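Structural overview for review
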Amino acid sequence: SERFGAEIIRGQVASVDLSSRPIVVSTSEAKYSCRTLIIATGASARLLGLPSERALIGHGVSTCATCDGYFFRGKPIAVVGGGDTAMEEALFLTRFASSVTVVHRREALRASKIMQDKAFANPKITFEWNAEVEEIKSAGGGVSAMSLRNNRTGERKDIAVEGVFVAIGHTPNTRLFAGQ
């Protein structure tokens, strides 16, 4: 892109005024103006909000199967979620894991029919329906189990897993542009 006149400036953006012409981008060091701005802020994975989850990110809790699946070769793992992304993660993880337990808070998946069919047909994948994760337990610095509560019956149980993949969606990193 530089060959065609793009200027690349590295820095932490503090604010952006999209209503002005030219557009003004401010960092702690300077203000920049431009006619065109490419916004590529990405997204952050949504988490369950458990204290144990935050503490174990990178130590058995992950939001990216393609990034971290290999580390769980031959181990039992869980995927939390019920949409297409969760089914894609579960199916991908069957390449590595000894078993994959899909934990979903409803009694039916939200994933597309084709993704559901693929997941239901895979012998390595089992499902925990109407289940919510209450805690992710650790031992020896990594994940050892997860505590589930059935949101219909109130029944609680622990499932032995060494990895937990959270696949409940993403939040766009667009706070900087709120109201514009």
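Thresholds applied
- Residues numbered from 1 in each chain as written.
- Predicted model: local features only at pLDDT ≥ 70, side-chain atom pairs only at ≥ 80, totals over all residues.
- Heavy atoms only, no water.
- Phe/Tyr/Trp six-rings, centres within 6.5 Å; stacked < 30°, edge-to-face > 60°.
- Buried < 20%, exposed > 50% of the residue type's maximum accessible area, 1.4 Å probe, protein only.
- Pairing = 2+ DSSP bridges.
- Helix = DSSP H or I, 4+ residues; strand = E, 2+ residues; numbered from the N terminus.
- Axes fitted to C-alpha atoms, helices over the stretch in contact; angles between N-to-C directions.

With that out of the way, let us pick up the packing of aromatic side chains. Counted according to the given criterion, the structure contains seven aromatic pairs. Note on Phe120 and Trp129: the rings are 6.3 Å apart at their centroids and 55 degrees apart in plane angle, and the pair reads as tilted. On the basis of relative accessibility, which here comes to 43%, the residue Phe120 falls in the partly exposed class. Members of the aromatic cluster, joined through ring pairs, are Tyr70, Phe71, Phe92 and Phe96.

Right, let's talk about the pairing of strand β8 (residues 125–128) for a bit. Both strand β7 (residues 99–103) and β8 contribute to a ladder of four bridges, which runs parallel. Its bridge partner being in β8, Val100 is matched across the sheet by Ile125.

To continue, consider the sheet that holds strand β10 (residues 142–150). In space, the three strands of this open sheet follow the order β9-β10-β11, with antiparallel pairing throughout. Across the chains shown, the open sheet's two edge strands, defined by having one partner strand only, are β9 (131–139) and β11 (156–160). Adjacent strand axes in the sheet meet at a mean angle of 25 degrees, parallel and antiparallel pairs treated alike.

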